[in-house]
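Structural overview for review
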Amino acid sequence: MNTSFERVMGGKSEWLTPPGIIGALGEFDLDPCAPVVRPFDTARHHFTVVEDGLLRPWFGRVWCNPPYGREIGGWLKRMAGHGNGVLLVFARTETENFFRYVWPVALGIMFLRGRLTFLNVDGSVPVNHAGAPSCLVAYGRENAEVLKNSGLRGKFLYI
Ligand SMILES: C[S@@+](CC[C@H](N)C(=O)[O-])C[C@H]1O[C@@H](n2cnc3c(N)ncnc32)[C@H](O)[C@@H]1O
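Calculation criteria
- Within each chain, residue numbers correspond to sequence positions counted from 1 in written order.
- Residues qualify for local features only when their pLDDT is at least 70, as the model is predicted, and side-chain atom pairs are given and counted only at 80 or more; totals for whole chains, interfaces and linings, by contrast, use all residues.
- The side-chain values count all of the structure's non-hydrogen atoms but skip hydrogen atoms and water molecules.
- Comment: elements are numbered from the N terminus, with helices defined as DSSP H or I runs of at least four residues and strands as E runs of at least two.
- In this setup the radius of gyration rests on C-alpha atoms only. A globule is expected at 2.2 Å times the number of residues raised to 0.38.
- Working definition: with a 1.4 Å probe on protein chains only, accessible area under 20% of the residue-type maximum means buried, over 50% means exposed, and in between means partly exposed.
- Contacts are assigned to residue pairs that have any heavy atoms within 4.5 Å of one another.
- Being near a molecule or strand, for a residue, means having at least one of its heavy atoms within 4 Å of it.
- For this analysis, a polar contact is any N or O atom pair within 3.5 Å, provided that within protein one partner can donate a hydrogen and the other can accept it, and provided that sequence-adjacent residues contribute only side-chain to side-chain pairs.
- All accessibility values rest on the Shrake-Rupley procedure with a 1.4 Å probe; residue burial counts only the protein chains present in the view.
- A 1.4 Å probe that fits but cannot get out identifies a cavity on a 1 Å grid over protein atoms alone, an open set with protein on both sides within 12 Å along at least five of seven lines counts as a pocket, and a residue lines either if it has an atom within 4 Å of a point.
- For a cavity or pocket, the test is whether more than half of a molecule's atoms lie within 2 Å of its grid points; if they do, the molecule sits there.
- Charged means Asp, Glu, Lys or Arg here, nonpolar means Ala, Val, Leu, Ile, Met, Phe, Trp, Tyr, Cys or Pro, and polar covers whatever is left, Gly included.
- Grid points are joined across faces, edges and corners, and a volume is the space filled by probe spheres set on the points.
- A strand pair is defined by DSSP finding two or more bridges across the two strands.
- Grouping buried Ala, Val, Leu, Ile, Met, Phe, Trp, Tyr and Cys residues that are joined through side-chain atoms within 4.5 Å yields what is termed a nonpolar core.
- Ring geometry is summarised as follows: Phe, Tyr and Trp rings, the Trp one being its six-membered ring, pair when their centres sit within 6.5 Å, and such pairs are stacked at plane angles under 30 degrees, edge-to-face over 60 and tilted between the two.
- Patches here: salt-bridge-free residues with over 30% relative accessible area, like charges joined within 9 Å, nonpolar side chains (Val, Leu, Ile, Met, Phe, Trp, Tyr) joined within 5 Å.
- Salt-bridge detection follows one rule: a side-chain nitrogen of Lys or Arg within 4 Å of a carboxyl oxygen of Asp or Glu.

Things to note about the overall build of the protein
Of the regular secondary structure elements, the protein holds five helices and seven strands. For 159 residues, the compact-globule formula gives about 15 Å, and the C-alpha radius of gyration of the protein, at 14 Å, lands near that figure. Within the span of the protein, comprising 159 residues, buried residues form 47% of the whole. Nonlocal contacts in the protein, meaning residues at least 24 apart in sequence, comprise 63% of its contacts between residues at least 6 apart.

Listed below in structure tokens is the structure:
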């Protein structure tokens, strides 16, 4: 799974969520993996690589679009353990990480229509869209309802 993530994103981890996605999901208390210099806020509080969001306690409603690479399983594990928030990941539904931290734990999933165009860290829009389909994963019943009623283009399913 990890190598798949890196391959589709060209090995770079500073790919930012299009603001329209987060805007459709309401306010988040914490983004535990945010850029050190960000063009816009994704939550009320942010942890960056400087604080290391994997080592910090998480709180409230969490927005998590994790860094791509070997460590992605650690982020999915934290999200599953926290149980309150929305995760944005590639729809690698067959992987070990999905079978550990999504299918048995999450309450809803939105398979997004088309491919997302993640932003560069300066907020600019790259030429190419992502090389794989994305999904939003809801942890906690309220987040499943928010996802279902978000108006985002895609297919929502209760898990
Ligand atoms: C895919 S980007 C997503 C950024 C932002 N969360 C968003 O949704 O737009 C992953 C981010 O995680 C950050 N990151 C990498 N390792 C981290 C760590 N140990 N703790 C906190 N953030 C980290 C990267 O700098 C990068 O900005």
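With respect to the site of the ligand
Near the ligand, the surroundings consist of 21 residues, among which E14, T17, D31, C33 and D52 are the closest. At 2.8 Å, a side-chain N or O of D31 approaches a nitrogen atom of the ligand. The separation between a nitrogen atom of the ligand and a polar main-chain atom of C33 is 2.7 Å. Contact with the protein chains removes 94% of the 600 Å² of surface that the ligand exposes when unbound. When atoms are counted within 2 Å of each cavity's grid points, the one that captures over half of the ligand is the largest pocket. Among the residues making up the shell around the ligand, the classes are represented as 13 nonpolar, five polar and three charged.

Focus on the layout of surface pockets
Here the largest pocket is characterised by a volume of approximately 410 Å³. Looking at the largest pocket, it is lined by 28 residues, and the ones nearest its centre are E14, C33, A34, P35 and P67.

Focus on the side chain of S134
Tracing the chain through its elements places S134 in strand β6 (residues 134–139). Apart from residues lying up to four places away in sequence, S134 is in contact with L88, V89, F90, A91, M110, F111, L112, L116 and F118.

Thoughts on the pairing of strand β5 (residues 108–112)
Two faces belong to every sheet, and in a regular strand the side chains alternate between them. For β5, the buried fraction is high: four of the five residues fall into the buried class. Pairing of β5 with β6 involves four bridges; the strand directions are antiparallel. Residue pairing for β6: G108 is matched across the bridge by A138. Summarising the sheet, β5 and strand β7 (residues 154–158) pair through five bridges and their orientation is antiparallel. Bridge pairing links F111 to K155 in β7.

With respect to the nonpolar core
In this structure, I21, L25, W63, L112, F118, L136 and L147 are the most contacted members of the largest nonpolar core, which totals 23 residues. Mapped by element, the contributors of at least two residues to this core are α2 (19–23), β4 (85–90), β5, β6 and α5 (141–148). For this core, the leading source of residues is β4, giving three residues. Each residue touching I21, except ones within four places of it in the same chain, is listed here: W63, L112, L116, L136 and L152.

A look at the packing of aromatic side chains
Counted under the stated rule, the structure contains eight aromatic pairs. Their ring planes at 75 degrees and their centres at 6.5 Å tell us that Y68 and F118 sit as a pair that is edge-to-face. Taken together, the residues Y68 in the loop between β3 (62–64) and α3 (72–82) and F118 in the loop between β5 and β6 connect sequence positions 50 residues apart. What makes F118 buried here is its relative accessible area of 3%. With 5.3 Å between their ring centres and 55 degrees between their planes, F98 and W103 make a pair best called tilted. Overall, the relative accessible area of 0% leaves F98 in the buried class.

Some details on a nonpolar patch on the surface
The grouping of V36, V37, V49 and V50 at the surface amounts to a nonpolar patch, some 440 Å² of accessible area in total. With respect to the helices, strands and loops of the structure, V36 is situated in the loop between β1 (30–31) and β2 (45–46). The class of V36 is exposed, set by a relative accessible area of 51%.

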